[in-house]
Structures are given as structure tokens and as C-alpha cells.
Amino acid sequence: MTEAVTRDHEVATHPAGGVSNHLLPPLPYDPAALEPYIDARTMRLHHGKHHASYVEKLNTALETFPDLQQKTALWLLLNVGKLPMSIRMAVRNNAGGHVNHSLFWRAMSATGGGAPSGPLADAIKRDFGSFDLFKARFDEAGVALFGSGWVWLARARKEGGRLEVITTSGHDNPLMDGRFPLLLNDAWEHAYYLKHENRRADYLNGWWAVVNWQEAARRYERSDDSAVS
Ligand SMILES: [Fe+2]
């Protein structure tokens, strides 16, 4: 795992030098900052209850495995097959939930929206035809996703680093399949149901107004092979 990937994760350090349990990262903005596209009540529950619960359950799963407590959530997710059978499912679900939500908060901004510029914009045009065609593909994938999961813009390791829109079930992450995540949207009902009820398409459509393209561009610029090996 390279530094570029592990940097994505908050690893709190004890004064004594050991690594503590996983921690809920603070929201990078006020819960009401993304109104009206994402309401403050949804944001408080999503971050303070749902994400917090994944962190708590991950810590619980690792309670009797001190060696594994030293690992980052991303390492645990990418090495789930090496873990004791008794905790594999709990770690996959909850390390994944922790990793993905930590990325998700940073993928949005109160000053977001608009369109990307620079190399990411060029790559989107190259691989999807246009920015609008990319957005349509992303929305379609989000609507078509059955059950709970995530929609991603990801960069393939092979095929010249082509950009792809993909979905994952549960809290799986594209890095589990060798793709580097650039942008993600949460398509679990808990992300939108209070405001939009069953209208997932409305949520997906409005979400573009809060996308943090600077963060996506930053991730694209370090998404070469060295970052996913
Ligand atoms: Fe979520």
C-alpha cells in the first residue's frame, strides 16, 4: 500500500506511540452547508449515526485482535480474505462503510457544483464524449443500482487508465477491484429518504450542485499506477 492511498485514512495515534481505535472524522463543513440539496437532518443522521455506527462496529469486530487494530480501515478492506473468518463480514461491511463515507464527505462542498477543469475534464471528455454524457451515465447507474450501494467515477489501472462509471454493492470500494476512486455518491436510502422518500433520481440529479470537483481533480492527479499498487 503506497502512502498515496493510506493518506486517505485517519489513523489516530496514542501519545505512547500506538495506534488507537478507528475514529469518526469530523464533517468538513456544517451539517446545513449542503442545503437545500442535502438537508441538515439527513446529514446529521448520516454522519453522526450511520457513519459513527460503522466506526463503532469496526472497533467492536477488532476488539480481540490487537494486531489488526494497527491496520488502517483501507488495509483491512483490501485484505479481508486474510482476516479470521469470524470477522470477515463485519470488517468488510464496516471498514467499507468507514472508508467510503470518509471519502464521501470530502467529495462534496458548499461551494461545489459546476464542471471540472484541467486534466480531469479532458479525461471525462475523452472517455465519455462530454461532461453531460458522463453525468447522464452516472445518474443512470445510480438509478439502476439494486438495493444499497455506491456510484463511482473511477480510473482503471489498465487500459490506459480509462475512466469508468461503476456501482458497488453494500460498502465495497473500487480499489477492491483495482480501480482508483475519483468521485462517489451514496445510493443507500439513508442518504436521501428523509427528503426525497423513494425518489432516488431526484436526489442523484440535485447532488451535482454540491460536487467538489477540486477534490475529484486532486484524486485524478494522483491516480496513476503508483497510487493503487
Ligand atoms: Fe451512507
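Residues numbered from 1 in each chain as written. Predicted model: local features only at pLDDT ≥ 70, side-chain atom pairs only at ≥ 80, totals over all residues. Heavy atoms only, no water.

The helix and strand inventory of the chain stands at nine helices and three strands. Going residue by residue from the N terminus, the α and β elements of the chain occur as α-α-α-α-α-α-β-β-β-α-α-α. Of all 229 residues assigned to the chain, the portion counted as buried reaches 51%. (Helix = DSSP H or I, 4+ residues; strand = E, 2+ residues; numbered from the N terminus. Buried < 20%, exposed > 50% of the residue type's maximum accessible area, 1.4 Å probe, protein only.)

The coordination sphere of the iron ion, as far as protein atoms go, consists of His46 (NE2), His101 (NE2), Asp186 (OD) and His190 (NE2), spread over 1.9 to 2.1 Å. Coordination at the iron ion is tetrahedral: its four donor atoms span angles of 91 to 131 degrees at the metal. Sequence spacing of the donor residues for the iron ion, all on one chain, is H-x54-H-x84-D-x3-H. As far as the burial class goes, Asp186 and His190 line up, both buried. (Donors = N, O, S within 2.8 Å, 3.2 Å for Na, K, Ca; no water. Tetrahedral: all angles 85-135°; square planar, octahedral: opposite > 155°, others 65-115°.)

Examined against the element boundaries, Phe134 turns out to sit in helix 6 (residues 131-144). A relative accessible area of 0% means that Phe134 is categorised as buried. Sequence-wise, Phe134 and Val165 are 31 residues apart; in three dimensions their C-alpha atoms are separated by 8.1 Å. With residues near it in sequence (within four places) discarded, Phe134 still touches Ile124, Phe128, Leu153, Val165, Trp208 and Trp213. (Contact = heavy atoms within 4.5 Å.)

Two measures define how a pair of helices packs: the angle their axes make with one another and the distance between the axes. Where helix 6 contacts helix 8 (residues 200-207), the axes come no closer than 9 Å and their chain directions differ by 150 degrees. Classified by the angle between their axes, helix 6 and helix 8 sit roughly antiparallel to one another. For the crossing formed where helix 6 meets helix 8, the hand is right-handed. Each of Phe138, Asp139, Gly142 and Val143 in helix 6 lies in contact with helix 8, whose residues at this interface are Arg200, Ala201, Leu204, Asn205 and Trp207. Broken down by class, the residue content of the contact of helix 6 with helix 8 amounts to five nonpolar, two polar and two charged. (Axes fitted to C-alpha atoms, helices over the stretch in contact; angles between N-to-C directions. Parallel < 35°, antiparallel > 145°, perpendicular 65-115°, else oblique. Left-handed = near helix turned anticlockwise from the far one by under 90°. Nonpolar A, V, L, I, M, F, W, Y, C, P; charged D, E, K, R; others polar.)

What follows concerns the confidence of the model for the chain. Looking at the chain as a whole, the pLDDT averages 90, with 89% of positions reaching at least 70. Here residues 1-19 scores under 50 on pLDDT; set against residues more than four positions off or in separate chains, the count is 37 contacts. (pLDDT = per-residue confidence, 0-100.)

Now for the sheet that holds strand 3 (residues 180-186). Hydrogen bonding along the main chain pairs the strands of a sheet, whether they run parallel or antiparallel. What the three strands build is an open sheet, ordered 2-1-3; its pairing is antiparallel. Sheet topology places strand 2 (163-169) and strand 3 at the edges, where each strand pairs with a single neighbour. Pairwise comparison of adjacent strand axes, ignoring direction, gives a mean angle of 25 degrees for this sheet. Sheet topology note: the strand 1 (residues 149-155)/strand 3 ladder contains six bridges and is antiparallel. (Pairing = 2+ DSSP bridges.)

The tendency in soluble globular proteins is for nonpolar side chains to be buried as a group. With 61 residues, the main nonpolar core has Met108, Leu120, Phe134, Leu153, Trp207 and Trp213 as its most contacted residues. Leaving out residues up to four positions away in the same chain, Trp213 has contacts with Gly113, Gly114, Ala115, Pro116, Leu120, Ile124, Phe131, Phe134, Leu183 and Trp208. (Core = buried A, V, L, I, M, F, W, Y, C linked by side-chain atoms within 4.5 Å.)

Bringing the pairing of strand 1 into the picture now. The buried count for strand 1 comes to seven of seven residues, which makes it a mostly enclosed element. Burial along strand 1 is two-sided: Gly149, Val151, Leu153 and Arg155 facing one way and Trp150, Trp152 and Ala154 facing the other are all buried.

With that out of the way, let us pick up helix 8. Within the sequence span of helix 8, burial applies to Arg200, Tyr203, Leu204 and Trp207. Burial along helix 8 is one-sided: seen end-on, the buried residues are contained in an arc of 95 degrees. If you follow the buried residues of helix 8, they end up packed against helix 4 (85-106), helix 6, strand 3 and helix 7 (193-196). (Arc of directions from axis to C-beta.)

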